Amino acid sequence: MVKINIDGKDYEVEPKDNLLQTLLSLKIDVPYFCWHPAMGSVGSCRQCAVKKYADEKDTKGRIVMSCMEPVVDGMRISVDDPEVKQFRANLIELTMTDHPHDCPVCDEGGECHLQDVTLMSGHNYRRYEYNKRTHKNQYLGPFINHEMNRCIACYRCVRFYRDYAGGRDFNVFASRNRVYFGRYEDGVLQNEFSGNLVEVCPTGVFTDKIFKEHYTRKWDLTTAPTICQNCSLGCNIIAGERYGTIRRITSRYNEKVNGYFICDRGRFGYEYVNSDLRLREPLRRGQASGQLEEVDQKTVFNYFEKLFKKNARFLGIGSPRASLEANHALQMMVGKDNFFAGVNEVDQRLTLKALQILRESPAEVPSLRETENADVVVVLGEDVTNTAPMLALSLRQASRKRPLELPEKMHIPTWNERAVDELLQDERGPFFVLTPTETKLDDIATATYRQVPQNIARLAQAVAHYIDPEAPEVSALTDSEKALAKQIGDELLNAKQPLIVSGTSLQDETLLEGAANIAIALKKRQKTPWIFLTLPEANSAGLALLDEKNLNMAFEKALSEKYDALIVLENDLYRRLETDKVDKLLDAFEHIIVLHYLQNPTTDKANLIVPVGPFTETDGTMVNNEGRAQRYFQVFYPGDTIKESWRWLGQIMAKGNLQKERTLNNLDDFIDALIQDYPQLSAVKDAAPDASFRIAGQKIPRQSHRYSGRTSMQAHINVSEPKPPEDPDTPMSFTMEGYQGPQPGAVLSRYWYPGWNSVQALNKFQIEVGGGLHDGKPGERVLDLSAKEGMSYFTQIPEPFAAQENNFLGVPLYHIFGSEELSIHTKGVAELTPKPYILLNEADTEGLGDQVKVQINDRTVELELRKTTVLPKGAAGLPVGLPDMGAIKFPVWIKISG
Amino acid sequence: MERPLTQHIRPGEYLTAAEYRKTGGYEGLKKALKMTPKEVQETVKRAGLRGRGGAGFPTGLKWSFVPLGPDAPRPKYLVANGDEMEPGTFKDRLLIEGNPHQLIEGMIISAYAIEAEIGYIFLRWAYKKGAQIIEKALAEAYDAGLLGKNILGSGFNFDLYLHTSAGRYICGEETALLNSLEGKRANPRPKPPFPQTSGLFGKPTIVNNIETLSNVPHILRNGADWYQSISLSEDAGTKLFGVSGKVKNPGLWELPLGITLREVLEEYAGGMRDGLQFKGLLPGGASTDFLTKDHLDIKLDYEGVAEAGSRLGTGTMIVLDDKTCVVGMVRNLEHFFAQESCGWCTPCREGLPWTEKILTSIENGTGKMEDLDILAGMTKTLAPGNTFCPLAPGAMEPLQSALKYFREDFERHIKEKRCPWRS
Amino acid sequence: MLSEKEIKEIEEHFAHYPRKQAAVIEALKVVQFHRGYVSDENVEDIARLLEMTPDEVDSVATFYNLIFRKPVGEHVILMCDSVSCWIMGYENLKDHLSQKLGIDIGQTTKDNRFTLLTIPCLGACDRAPAMMVDNELYGNLTPEKIDEILEKYK
Ligand SMILES: Cc1cc2nc3c(=O)[nH]c(=O)nc-3n(C[C@H](O)[C@H](O)[C@H](O)COP(=O)(O)O)c2cc1C
Ligand code: SF4
Ligand code: FES
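Fair warning: this is a prediction, and the values are worked out from it, not measured in the lab.

Enquirer: What exactly am I supposed to notice about the overall build of chain B here?
Expert: Each helix and strand in chain B was counted, giving 17 helices and 9 strands. A compact globule built from 423 residues would reach a C-alpha radius of gyration of about 22 Å, and chain B, at 22 Å, matches this within 12%. Considered along the principal axes of its C-alpha atoms, chain B spans approximately 75 × 45 × 35 Å. Within chain B, the proportion of its 423 residues that are buried is 68%. In chain B, of all internal contacts separated by at least 6 residues, the share reaching a separation of at least 24 is 71%. Total accessible area on chain B is roughly 13,500 Å²; 51% of this is exposed by carbon and sulfur atoms. In chain B, which carries 51 positive and 52 negative side-chain charges, the distance between the mean positions of the two groups comes to 3 Å.

Okay, here's the thing in structure tokens:
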């Protein structure tokens, strides 16, 4: 701690940040543009000026840029000095000379940092009387709109896109006041994090194109804090609604998980919630018509009552995309023995193995954001950019960790972004990418290894053995494999904080075992590594913690025992098992009941469809890949027939008196029931405040105090304003009624603070810039660590891969846009989804045309042939999850012809 | 009067290695190689050589910030700044075209003093002839074992390359120059850290002006005391002084520091052309403050010019006569600076075009009195320290001094709604 | 496609720098030397050769005013418009040139012989007004002298 004096007042602060950041942490308003907490200071906008005095006697002082000033003991500064205030006013006047006055038609209007800073710095009238420079805009793809005339040249976009996110198809062009930020030519932005430009840009140059299609001012959005459903990382987001449709997703800060950013799949992949495929009313298959027909709620309850009367036996299939509460409700209803996790045998086995490693290996489990602090990284198998995109962004930062020791040694503060860049140039720390084919992290890799999963697992075992000779030995390694194992082993031993990344996506358990063995070996050498494993879906971990049984078991059980009704929870079984298997499974039931929000091949087979809300219309808890339970909150009330799955199931149970003396009315009741059955999940309760939480006796409103049009929204139907819906499940109200002061972090549904209308208002909610949120909780870990370090070496080492004649080993490939089930309903995502294809090594493609016939499992499909020199010979890359690819059971050997 | 830098230069020709040797060339290098790097630094420090690139920073002191010894980062770099794009400046051209080996020798000695192993001569695009001459001279030096490995058997290695630029005045700013050498956009870098510790490709680097480096061989050959003795002031050595504008005899002369402004203008530049009166001048390139008749007797050294409210700068003066419109001249300058802004920081990028536009409208007779307030405000907003680099503050120097000395001329434009100097 | 000669000349510069991307300005100049300007296709060629993206190459190319990204005539006239030349009356010469060639600053003559550009300071202030045609510097210009010079490039 050091003492500094600000406008005559003494403060004690940590001398770790630059002065601007320190001032913001002290909640002192200083305007700024180019500084960004995640990227650092570059001193280009000159808006953050303050006065600095040499000592007590110095009354004149000199103007300095607070973002470029280190905080030192005894420092005396002024933010309010008239001269520096005038300077800031002059600066914003200059900034505005080339900025159009198009706020009324600008999507940023009302949440524009430039507007805020203009006001804050005091610029009211334009003295500049000349023409402004103008630019042409570019087409940047389906997600981002470009309006260059609004640019104030803070360079944040290019710094984020290139330096932070590693994109190379975006840059700054020209010079002086003609500087242009965009692409070499019109085209889709290739970086998976491009959507963050919308938030990083302090004005309206880059705006959300999907939002534009159904635009609403920020203050007219009903917003709630929620969790991204598009992969297992559980990034925090804010979803905003108006007139019953979700209008946009923005990032929500979580200091442990996603920090300031989210990926494009998370930001734009939400449109399914507005889609025509939504199931909004109960549907029952008519006996006469054989078609699904709309029915009322009573019919649903009657349907179940009849079954209860007959003492029907239910089999329940849960979902890794549904909340803990929903899965548990189904489990309560059908009984634990009759409940099965709705994932296939391979996914479940891998998820369980991953969780076992997190719990029992000697490795520590960092949070997503903590992975940025690893100084040596080994990625085993995962193409993280496509399976857990935000992890790629974090690992990119980690690759700078080791080099950052140099500026520290030279007393160059790491927030001095340009200085650090110039010093380090392209220097990267040890970073190893072991995957079947190329990945978007290859550019930062020290070395890559391109092999099929079993060989990657072997190499991992070899690394473990190199580190600790007591680890199982791997035979038949090539010299280069041995050298690589040694190189990786040495770097890991040399690391301050080694990180091993792996996951389930290659559908190969031995990879996870290899990762665990490296961790065990390192621990034997007195190193505690970090391990970070990705899982298949948003709540894979939560589901596996509830039940270990899988779909294949359900299949066996359904065929061998007599069941009457099947209840499928928020799931499409056709994505999980081969088609004929699912058909057979469904045939075994007289009653097929599906709780879902979206029509899919499984709902097409249902006798009864119960409409439930997607994540934006429900509350619940998800457990992410690191075992962190996080609550998500309903954004708006969708009407009476769309309920949370757990609420429907609770009401259905009540009809059959199945609640077992439990009260199951609101979310808290279901959470209580959950932790009653699963005491090890008790932390779920603490993940967020319960429904009784109040500030000053008030609920927390989902709508801003400026929310407009409320009394006229229904005016075409009824002139009297309808009674607002109540929220019995959370501490939030659906309306603007409630405590309009700063929202506590745990239920922070929008960034707004007096004078701070843009996302930059976040500063006001952080205890210190970059730290935790006031009254906030970044979720709660639920993994039981009582058996930590109990794990011993896995001793099974796979055989080396041997290529076969005209028989290829299928290797799963992933696409950020396309591999995920629901995001593909976003038009832009569908546009960027590749057509189904097969990837082969060039050497394997002799005699094959552009289209080939591929025999996978028992079916034959025609696929486009793509060639590479990277994927090993004898392997065939199969993009999973793409429409028309069908479910594939790995490992799989495939035949190719044509 | 001694003219070490230019006495052997013949117009239109350059001194070959052999010719340069005959004038005592490369003797300084031989001496230096027998000394330790620190001793070479000390000699230059004692000589009192100050940077001739404009800022006048003591050269030996600058070198002393470079880490020396086996633990220092490698490679280290020495860069000769031959960008010379400051309007009104044409001094380095003479040294490059006339005596390239003097520069090369200076660079080898300087590199030795900071233990640099790689050097670049950063030359502006327009100096096509200079580039050819340097290429030839470099080849000669390599052939003679003066460059490359084990120079003159000393064990010291130094490779020297020519880099010609692709335009842009900002490349002359030393950190922007480094970015340009790295093949990047020439935006200046933050300071600190200074190039001496983190420079080209992140390694310790010294950037010196061509004229600065050309002084070094003579200091080593003749000693620090000699160097002190050849000037007429506290500031040691000679300086290239140039005069352009409507004088009888525009040109460039090597003269002792401390000579008076009047002497240069009247004796060397021959005074004003017939029928014209001296009105003012920019003493050291476009980014220095005007001096007027009242300053004719000042001493041309760093202190002397500073006391008069301007800067010695590059020592090349631009003379304004009474028949030339000062508003037009300043407009021309601000047009230059606005165009050459790198676009990095807001005050420069946005402030200079506005300044230019106001001056254009005043010059065209559409200016308003309030415009003068905006201009005055601009000189404050774009003052040193307020912008990222000194380009914009430099641009304000002629403007603020013109407003100070020639305000009437501005007001006349506004009142008469036309330029009184144009017919 | 870059010619073999161009590639060779570019590659010669690689040795001067610790990484070849540093030679991008040299590469642009080599191409411009041979072709007069750098086309989009050339930007992409250079990017490939230097393992950069076209965005990265063009970001640099467009920063520097003497890299021409649009076609120019056979001879490029660079007229100094800086302060000393301005004092010495370059504006009249510019008008003279403009008239004579029938083009404005920034344009190329119909017969594609000349492109007329201004340039800030040629470092020939003692010989102002000055201009450069291709690589040749001309000082102390007068309208008559300009006419003579142009003849040489006919
Ligand atoms: C905008 C700007 C342009 C400059 N142009 C030049 C130049 O053309 N030549 C030069 O030697 N120094 C120039 N300088 C000064 C250099 O930054 C640097 O101070 C100088 O090269 C150091 O050399 P010296 O210590 O030998 O003078 C310029 C500075 C600025 C701010
Ligand atoms: S003052 Fe700013 S914009 Fe101007 S050249 Fe310097 S850094 Fe670039
Ligand atoms: S925030 Fe400090 S200069 Fe931009």
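Enquirer: How do you make sense of the sheet that holds strand β26 (residues 628–632) of chain A when you look at a structure like this?
Expert: Hydrogen bonds along the backbone pair up the strands of a sheet, which may run parallel or antiparallel. All names here are of chain A. The 3 strands lie next to each other as β25-β26-β29, forming an open sheet whose pairing is antiparallel. Edge positions in the sheet fall to β25 (620–623) and β29 (780–781), since each of these pairs with one other strand and no more. As paired strands, β25 and β26 are joined by 4 bridges and run antiparallel to one another. By the bridge assignment for β26, Met-622 is matched with Gln-630.

Enquirer: What exactly am I supposed to notice about helix α13 (residues 326–340) of chain B here?
Expert: Compared with the 21 Å implied by 1.5 Å per residue over 15 residues, the 21 Å span of α13(B) between its first and last C-alpha is a close match. Across the 15 residues that make up α13(B), a large majority, 13, are buried.

Enquirer: Looking at this structure, I do not really get the site of ligand 2. What am I missing?
Expert: Near ligand 2 you find 13 residues, and of these Cys342(B), Trp344(B), Cys345(B), Cys348(B) and Cys389(B) are the closest. Classifying every residue of the shell around ligand 2 by side-chain character gives 10 nonpolar, 3 polar and no charged.

Enquirer: It is not clear to me how the domain arrangement of chain C should be interpreted in this structure. Could you clarify?
Expert: Where the parts come together, the accessible area they lose is often given as the size of the interface. If you check the domain split of chain C, you get domain 1 (4–63) and domain 2 (75–152). Between the C-alpha centres of domain 1 of chain C and domain 2 of chain C there is a distance of 29 Å.

Enquirer: What's the story with the environment of Ile520(A) in this structure? I'm lost.
Expert: Residues and elements named next belong to chain A. Relative to the assigned elements, Ile-520 resides in helix α17 (residues 509–524). The class for Ile-520 is buried, based on a relative accessible area of 5%. Distance from Ile-520 to Asp-468, taken between C-alpha atoms, is 8.8 Å for residues 52 residues apart in sequence. If sequence neighbours within four positions are ignored, Ile-520 has contacts with Pro-362, Met-791, Ser-792 and Tyr-793.

Enquirer: Help me understand the interface of chain A and chain C in this model?
Expert: Taken together, the contact between chain A and chain C spans 13 residues of the former and 15 residues of the latter. Summed over both sides, the interface between chain A and chain C buries roughly 1,100 Å², with carbon and sulfur atoms accounting for 41% of that surface. At the boundary of chain A and chain C, one finds 2 salt bridges. The salt bridge involving Glu56(C) is made with Arg168(A); its shortest N-O contact spans 2.6 Å. Inspection of the chain A/chain C interface yields 11 residue pairs in polar contact (both at pLDDT 80 or more). In terms of residue count, the dominant contributor to the side of chain A that touches chain C is strand β7 (residues 171–173) of chain A (3 residues). Classifying every residue of the side of chain A that touches chain C gives 5 nonpolar, 3 polar and 5 charged.

Enquirer: Just checking my understanding: could you explain the environment of Asn757(A) for this structure?
Expert: All names here are of chain A. Tracing the backbone shows Asn-757 in the loop between β28 (732–733) and β29. By relative accessible area, Asn-757 is classed as buried at 14%. Linking Asn-757 and Gly-489, residues 268 residues apart in sequence, is a C-alpha distance of 50 Å. Side chain to side chain, Asn-757 and Arg-706 meet in a polar contact 3.2 Å long.

Enquirer: Would you explain the site of ligand 1 in this entry?
Expert: Residue and element names in this part refer to chain B. In the vicinity of ligand 1, 18 residues are found, and the nearest of them are Gly-53, Asn-81, Glu-84, Asn-209 and Thr-212. Note that an oxygen atom of ligand 1 is positioned 3.3 Å from one of the backbone N or O atoms of Arg-52. Glu-84 is positioned with one of its backbone polar atoms (N or O) 2.9 Å from an oxygen atom of ligand 1. Contact with the protein chains removes 90% of the 600 Å² of surface that ligand 1 exposes when unbound. Broken down by element, the shell around ligand 1 gets its largest block of residues, 3 residues, from strand β4 (residues 205–209).

Enquirer: Before we go on, may I ask you to explain the interface of chain B and chain C in this structure?
Expert: Contacts between chain B and chain C engage 53 residues on the former and 39 residues on the latter. With both sides pooled, the region where chain B packs onto chain C buries about 3,800 Å², and carbon together with sulfur makes up 59% of that total. On the chain B side of the contact with chain C, Trp125(B), Ala166(B) and Arg185(B) bury the most area, a combined 17% of that side's loss. Applying the counting criterion to the chain B and chain C interface returns 2 salt bridges. In this structure, the salt-bridge partner of Arg19(C) is Glu182(B), at a minimum N-O distance of 3.8 Å. Taken together, the elements giving at least two residues each to the side of chain B that touches chain C come down to β3 (159–164), α8 (174–181), β5 (238–245), β9 (316–321) and α13 of chain B. Here the side of chain B that touches chain C takes 7 residues from α13(B), the largest share from any one element. Residues that form the side of chain B that touches chain C fall into these classes: 24 nonpolar, 16 polar and 13 charged.

Enquirer: Please clarify how the domain arrangement of chain B should be interpreted in this entry.
Expert: Residues and elements named next belong to chain B. Domain boundaries in chain B define domain 1 (17–229), domain 2 (238–321) and domain 3 (326–416). Each of domain 1 and domain 2 was reduced to a C-alpha centroid, and the two centroids are 27 Å apart. If you look at the interface, domain 1 gives 18 residues, while domain 2 gives 19 residues. Of the roughly 1,400 Å² buried where domain 1 meets domain 2, counting both sides, 59% is carbon and sulfur surface. Counting every contact that joins domain 1 to domain 2 gives 1 salt bridge. Those elements giving two or more residues to the side of domain 1 that touches domain 2 turn out to be α5 (92–98) and α9 (210–222). In terms of residue class, the side of domain 1 that touches domain 2 is made up of 6 nonpolar, 7 polar and 5 charged.

Enquirer: Please clarify how the pairing of β4(B) should be interpreted in this entry.
Expert: Here is the key point about a regular strand: its side chains alternate between the two faces of the sheet. Residue and element names in this part refer to chain B. The element β4 is largely enclosed, with a buried count of 5 among its 5 residues. Bridge count for strand β1 (residues 77–82) against β4 is 5 bridges, and the pairing is parallel. Its bridge partner being in β4, Tyr-77 is matched across the sheet by Thr-205.

Enquirer: Is there a simple way to explain the packing of aromatic side chains in this structure?
Expert: Within a pair of aromatic rings, the relevant descriptors are the distance that separates the centres and the angle that separates the planes. Under the definition given, this model contains 43 aromatic pairs over all chains. Ring centres of Tyr155(A) and Trp344(B) lie 4.4 Å apart, and the angle between their planes is 50 degrees; this geometry places the pair in the tilted category. Separated into two different chains, Tyr155(A) in the loop between β6 (144–146) and α4 (156–164) and Trp344(B) in the loop between α13 and α14 (346–363) make up a pair that spans both. Grouping residues by exposure puts Tyr155(A) and Trp344(B) together as buried. A centroid spacing of 6.3 Å and a plane angle of 10 degrees characterise the contact between Phe156(B) and Phe158(B), whose relative ring orientation is stacked. A residue is classified by how much of its surface remains accessible, and Phe156(B), at 10% relative accessible area, is buried. With a relative accessible area of 0%, Phe158(B) lands in the buried category. Chaining the aromatic ring pairs together yields one cluster made of Phe160(A), Tyr164(A), Tyr253(A), Tyr260(A) and Phe261(A). Over the ring of Phe301(A) we find Lys655(A), and its NZ or CZ is 4.8 Å from the ring centre.

Enquirer: Even after reading the chapter, I still don't get the packing of helix α1 (residues 4–14) of chain C against helix α2 (residues 24–35) of chain C, so can you show me in this structure?
Expert: Residues and elements named next belong to chain C. It is the contact of α1 with α2, at a shortest axis distance of 9 Å, that shows an interaxial angle of 150 degrees. With respect to their mutual orientation, α1 and α2 come out roughly antiparallel. Crossing of α1 against α2: the hand is right-handed. Note on element contacts: α2 touches α1 through Glu-26, Ala-27, Val-30, Val-31, His-34 and Arg-35, opposite Lys-5, Glu-6, Glu-9, Ile-10 and His-13. Taken together, the residues of the contact of α1 with α2 break down into 4 nonpolar, 2 polar and 5 charged.

Enquirer: Got a minute to help me understand the nonpolar core in this structure?
Expert: Where a protein is soluble and globular, its nonpolar side chains tend to be buried together. Judged by nonpolar contacts, the single largest core of 426 residues is most densely connected at Phe181(A), Phe314(A) and Ile593(A). With near-sequence residues (within four places) excluded, Phe181(A) lies in contact with His146(A), Met148(A), Cys151(A), Ala153(A), Tyr155(A), Cys157(A), Val158(A), Phe170(A), Asn171(A), Val172(A) and Phe206(A). Counting 26 residues, the second-largest nonpolar core is a separate cluster that includes Tyr268(B), Leu300(B), Tyr302(B) and Leu312(B).

Enquirer: Which parts of the structure should I look at to understand a nonpolar patch on the surface?
Expert: On the surface, Phe57(B), Leu61(B) and Phe65(B) cluster together into a nonpolar patch covering about 260 Å² of accessible area. When you line up the elements, Leu61(B) lands in helix α4 (residues 59–63).

Enquirer: In this structure, what is going on with the sheet that holds β4(B)? I would like to understand it.
Expert: Residues and elements named next belong to chain B. Pairing within the open sheet is parallel, and its 4 strands lie in the order β3-β2-β1-β4. Where the open sheet ends on each side, the last strands, each with one partner, are β3 and β4. Put simply, the sheet's adjacent strands are angled 20 degrees from each other on average, direction ignored.

Here is what the cut-offs are and how they apply
Residues numbered from 1 in each chain as written. Chains lettered and ligands numbered in written order. Predicted model: local features only at pLDDT ≥ 70, side-chain atom pairs only at ≥ 80, totals over all residues. Heavy atoms only, no water. Helix = DSSP H or I, 4+ residues; strand = E, 2+ residues; numbered from the N terminus. Rg over C-alpha atoms; globule rule 2.2 N^0.38 Å. Buried < 20%, exposed > 50% of the residue type's maximum accessible area, 1.4 Å probe, protein only. Contact = heavy atoms within 4.5 Å. Areas by Shrake-Rupley, 256 points an atom, 1.4 Å probe, with all protein chains shown as cover. Lys, Arg positive; Asp, Glu negative; His and termini not counted. Charge placed at Lys NZ, Arg CZ, Asp CG, Glu CD. Pairing = 2+ DSSP bridges. Expected span 1.5 Å × (residues − 1). Near = heavy atom within 4 Å. Nonpolar A, V, L, I, M, F, W, Y, C, P; charged D, E, K, R; others polar. Domains from an automatic or database assignment. Buried area = accessible area lost by both parts, 1.4 Å probe. Salt bridge = Lys/Arg side-chain N within 4 Å of Asp/Glu carboxyl O. Polar contact = N/O pair within 3.5 Å; in protein donor to acceptor, adjacent residues only side chain to side chain. Phe/Tyr/Trp six-rings, centres within 6.5 Å; stacked < 30°, edge-to-face > 60°. Lys NZ or Arg CZ within 6 Å of the ring centre and 35° of its normal. Axes fitted to C-alpha atoms, helices over the stretch in contact; angles between N-to-C directions. Parallel < 35°, antiparallel > 145°, perpendicular 65-115°, else oblique. Left-handed = near helix turned anticlockwise from the far one by under 90°. Core = buried A, V, L, I, M, F, W, Y, C linked by side-chain atoms within 4.5 Å. Patch = residues over 30% accessible without salt bridge, like charges linked within 9 Å, V, L, I, M, F, W, Y side chains within 5 Å.

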